[in-house]
Amino acid sequence: MKGIKFVQLGLFFLLLAGILAACGGETRVIHTEYILTPAMREGKFVFLGVDGEINGVINPALNAKPGERITVMLVNSGEGTHDIVFILPDGKQVQSDKVSKKGETTSITFTVPDKDVTVPYYDSTHKELGMKGVLLVGAANEGDAAAASAESPAGLYEKELALTAIQKGGCTACHTIPGATGSGTIGPDLSKIGQVVKVRLEGGEYTGKAKTVEEYLSESIQDPEAFIAPDCPAGPCDKGLMPASLAQTLSAEELNAVVKYLASLPGGETAAVTEAGMGESGSAAPQGGVTLTEEEFAWARQTFFERCAGCHGTLRKGATGPALTPDKTQPKGTVGLAAIIFNGTTRGMPDWGKQGILTQEQTETMAKFLQMEPPAPPEMSLQQMRDSWQLITPAKERPSSPQTQRNWQNYFVVTLRDAGQVAVIDGDTYEVVSTVDSGYAVHITRMSASGRYAYVIGRDGRLAMIDLWMEKPQVVARVQTCYDARSVEVSKYEGPEGDFRDKYAITGCYWPPHFVILDGETLEPLKVVSSRSYTATTGEYHPEPRVASILASHYKPEWIVNVKETGQIWLVNYSDPLNPSIKMINAALFLHDGGMDSTHRYFLVAANQSNKIAVVDLKTSSLAGIVDVGAVPHPGRGANWVDPEFGPVWSTPHLGEASIMSIGTDPEGHSDNAWKAVRSVELPGSGSLFIKTYPASQWIWVDMTLNSDPVLARTICVIAKSDPSKVHKCWEVGTYGRAVHFEYNKKGTEVWVSLWGAADKPGETGEIVVYDDKTLEEKARIKDLITPTGKFNVYNTVNDIY
Ligand code: DHE
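All values derive from a computational prediction rather than experimental measurement. (Residues numbered from 1 in each chain as written. Predicted model: local features only at pLDDT ≥ 70, side-chain atom pairs only at ≥ 80, totals over all residues. Heavy atoms only, no water.)

Colleague: Go over the site of the ligand, please, and point to the residues and values.
Modeller: Looking at the ligand, there are 23 residues lining it, with Arg 417, His 443, Arg 459, Arg 486 and Tyr 510 nearest. Residue Arg 417 places a side-chain N or O atom 2.6 Å away from an oxygen atom belonging to the ligand. The side chain of Arg 459 places a nitrogen or oxygen atom 2.4 Å from an oxygen atom of the ligand. Residues belonging to the shell around the ligand are distributed by class as follows: ten nonpolar, eight polar and five charged. (Near = heavy atom within 4 Å. Polar contact = N/O pair within 3.5 Å; in protein donor to acceptor, adjacent residues only side chain to side chain. Nonpolar A, V, L, I, M, F, W, Y, C, P; charged D, E, K, R; others polar.)

Written as structure tokens, this is what we have:
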């Protein structure tokens, strides 16, 4: 693993250089990352593209813009020792380290030439065997790429290789071998040869040197006279019948694959490639028929639910992440899928292997699980929710005025993600006032309209209600409204239609797909409404449209409920909560997170995989616009500020590209810009989750939490509102972990940033770094918190200030 560390260190410095360049005004941004893995095609080694548009493509033509920096990662699939070399036009070589172990990765980052040119790449030891392709820079001739690909044969994994080698060796002229065309009757039928040999080795009739099934088969090919098989169709086989020349006809890899395949019979043929799937399309072959033990399946199911379902959906129909149904996953195959799971992607897929969260074996188990039909989890009834409900301190036993002398409206409720807790931190003194158990992997907190109660939702759908007026804030009620949730909100309306402050709460669930209205003082579940319905675009039925963000309108007694997979924004009127009326607004697919404009009249929500922002006018209860933005917008609640050129805007960063996009939000004063993308600011990297500002602040803060480079992942940047054409300054928040999410204090003078560490690494579990918003100087560190992520200031959350 020494090589890997070296490569990562190299990458570190290259990226650091990239950041420094960006911060100094020169922007050399890594835009493109390719993943390649070695594979076999008709006995030849090739590079196989993994993920994105090169997925499954043999020796893919890579593309880059002139002068762009690209990263190419090579993941060893376990077939020998490999590297990758690029030959630049000036004759210079860019060469990666070598990888030899299965799953080992290496990557190189370099600046491509500043002109249209074709750059060849190859594996330094397997070039002649077929591992070569081209990088097309700018408008370089694509014919070169086609020619390069044409040289390479169709690609195969191990079983495909075995079947092709069997064909090449002409084995079926004499034998019957499952999966291979032809059915000879001169030699033994090899349909169950693995099992037959096992019995033969145990039975004592065998006289050769082999100890294992594979050794026996290898010997029978390379030295057929060592033991004469007794089971030719007409009796014992004749001496000299089996040609000894096969070992010369096939390469070592082919022989090895044939032996392994034969040893797997019977049974192994079910995982073999179908004839239809072989070779022609040039994409990786289907891996249907993969199997897992019950234990592996249970592990994969649970791990998928905990780590993957949030982005890909419980039924794997895709949303923030792509669909992972077998029709999509089987063509990628176990190696391709495992490589993506291990290494992540530039579009925001975490690198579970590189982070040390999943081992290589576990990524393969998960890769196999993904090729199977997704199992559906159970439903949950209102009665089941009621059964889980605990009213710990009834309302009349709670304080009637704040018991604490602290400035409780400046409390921050901080998610301690992996501890399943939240910390209530005094924003004036930075003291942890209380640490409270909540749900598993707490996701967000919202405050009641008075600010007195904090409602904390975990991914497991458990909701905890904390009374912030107590001397030491404590949980006063709990309930579970689903198995998988992300959102909670409260009723905030006060006006001609009534005073609904602190009256109701609502939870939004991923599974089962529904929302639940609860009593705001007790958490008693009152009403459950399914979100299963038909898509806003093509009117197709969706079995799992998850409830993503929910916001309370200040204009009407309404919640804005964003239904992700159907792309509908539901305005749910809660004035009669047992019989809520719902106005369904068709927007765009994959609605996720969002917030209000500075006037609170408009709500802007990211339709993340559609690369759009939908805007709803909460006064007229209608769609105000749909705006095209960059790849996978992820605003959190967004940031409202006044652009010197375009007037009031709301901004979002992106997971999938290195930029912030601003949208005009002032149809009255700046009608030309309203609901249009007016400005894009380049960032040093993609993978942003959150952005934040405060009305009086001169800065806009942004993170790059999910960037695959660890340095960028812990780097934050600020943009000056007075000069928003570029990033003003970027810096690392710490030496470990990921920087994530911002929150201002009540006065708007400080910004709190989380450094999200690892729960099992003492000293690096995580902390909050407090910055002076005026000077950008660090003011304090609140240390030794367990994986802090979101932070919610009472005053700012109640008043939707961002
Ligand atoms: Fe979140 C908000 C869903 C991953 C931290 N996240 C939200 C919201 C949704 C959501 C729907 C909006 C809630 C609202 O406003 O009502 N988040 C999801 C996912 O589906 C996703 C992508 C994958 C998953 O499996 O959950 C996901 N989220 C994450 C993380 O990995 C983060 C960084 C840490 C964690 O908790 O796991 C994370 N999400 C947050 C935070 C907010 C949030 C801090 C609230 C931001 C705000 O300022 O309001």
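Colleague: Lay out the packing of aromatic side chains with the relevant residues and their values.
Modeller: Enumeration over the complete set of coordinates arrives at 24 aromatic pairs. A centroid spacing of 6.3 Å and a plane angle of 80 degrees characterise the contact between Phe 515 and Trp 570, whose relative ring orientation is edge-to-face. Placement of Phe 515 in strand 22 (residues 514-519) and of Trp 570 in strand 28 (residues 568-573) is noted, with a sequence separation of 55 residues between them. As far as burial versus exposure is concerned, Phe 515 and Trp 570 are alike and both buried. What links up through ring pairs into an aromatic cluster is the set Tyr 493, Phe 500, Tyr 504, Trp 559 and Tyr 574. Cation over ring: Arg 532 sits above Trp 511, and NZ or CZ is 5.5 Å from the ring centre. Above the face of the Trp 731 ring, Lys 729 is positioned so that its terminal group lies 4.9 Å from the ring centre. (Phe/Tyr/Trp six-rings, centres within 6.5 Å; stacked < 30°, edge-to-face > 60°. Helix = DSSP H or I, 4+ residues; strand = E, 2+ residues; numbered from the N terminus. Buried < 20%, exposed > 50% of the residue type's maximum accessible area, 1.4 Å probe, protein only. Lys NZ or Arg CZ within 6 Å of the ring centre and 35° of its normal.)

Colleague: Can you break down the environment of Thr 435 residue by residue, with the values?
Modeller: With respect to the helices, strands and loops of the structure, Thr 435 is situated in strand 13 (residues 432-437). With relative accessibility at 42%, the residue Thr 435 sits in the partly exposed group. Here the alpha-carbon distance between Thr 435 and Glu 361, two residues 74 residues apart in the chain, equals 37 Å. Residue contacts for Thr 435: discarding those within four places in its chain leaves Leu 416, Gln 421, Val 422 and Ala 423. (Contact = heavy atoms within 4.5 Å.)

Colleague: Give a description of the pattern of salt bridges that names residues and reports values.
Modeller: Considering all chains together, one arrives at 29 salt bridges under this definition. Between Arg 462 and Asp 460 there is a salt bridge; the shortest N-O distance is 3.3 Å. Assessed through its relative accessible area of 15%, Asp 460 is described here as buried. (Salt bridge = Lys/Arg side-chain N within 4 Å of Asp/Glu carboxyl O.)

Colleague: Explain the sheet that holds strand 37 (residues 677-682) residue by residue, including any values.
Modeller: Read from one edge of the open sheet, four strands run 34-35-36-37, paired in antiparallel fashion. In this open sheet, the two edge strands, each paired with only one partner strand, are strand 34 (639-643) and strand 37. Each neighbouring strand pair of the sheet contributes to a mean axis angle of 30 degrees, computed without reference to strand direction. By the bridge criterion, five bridges tie strand 34 to strand 35 (residues 647-653) in an arrangement that is antiparallel. Paired with Val 642 across the two strands is Pro 648, which belongs to strand 35. (Pairing = 2+ DSSP bridges. Axes fitted to C-alpha atoms, helices over the stretch in contact; angles between N-to-C directions.)

Colleague: Talk me through the side chain of Asp 123; I want residue IDs and the actual numbers.
Modeller: With respect to the helices and strands, Asp 123 occurs in the loop between strand 8 (117-122) and strand 9 (132-137). Buried and unpaired, Asp 123 has no salt bridge, with Lys 98 as the nearest side chain of opposite charge at 5.5 Å. Among the polar contacts listed, one links the side chain of Asp 123 to the side chain of His 82, at a separation of 2.6 Å. In this structure the side chain of Asp 123 is engaged in a polar contact, spanning 2.8 Å, whose partner is the backbone nitrogen of Thr 125. Other than its neighbours up to four places away in sequence, Asp 123 contacts Phe 47, Thr 81, His 82, Asp 83 and Met 131. (Lys, Arg positive; Asp, Glu negative; His and termini not counted.)

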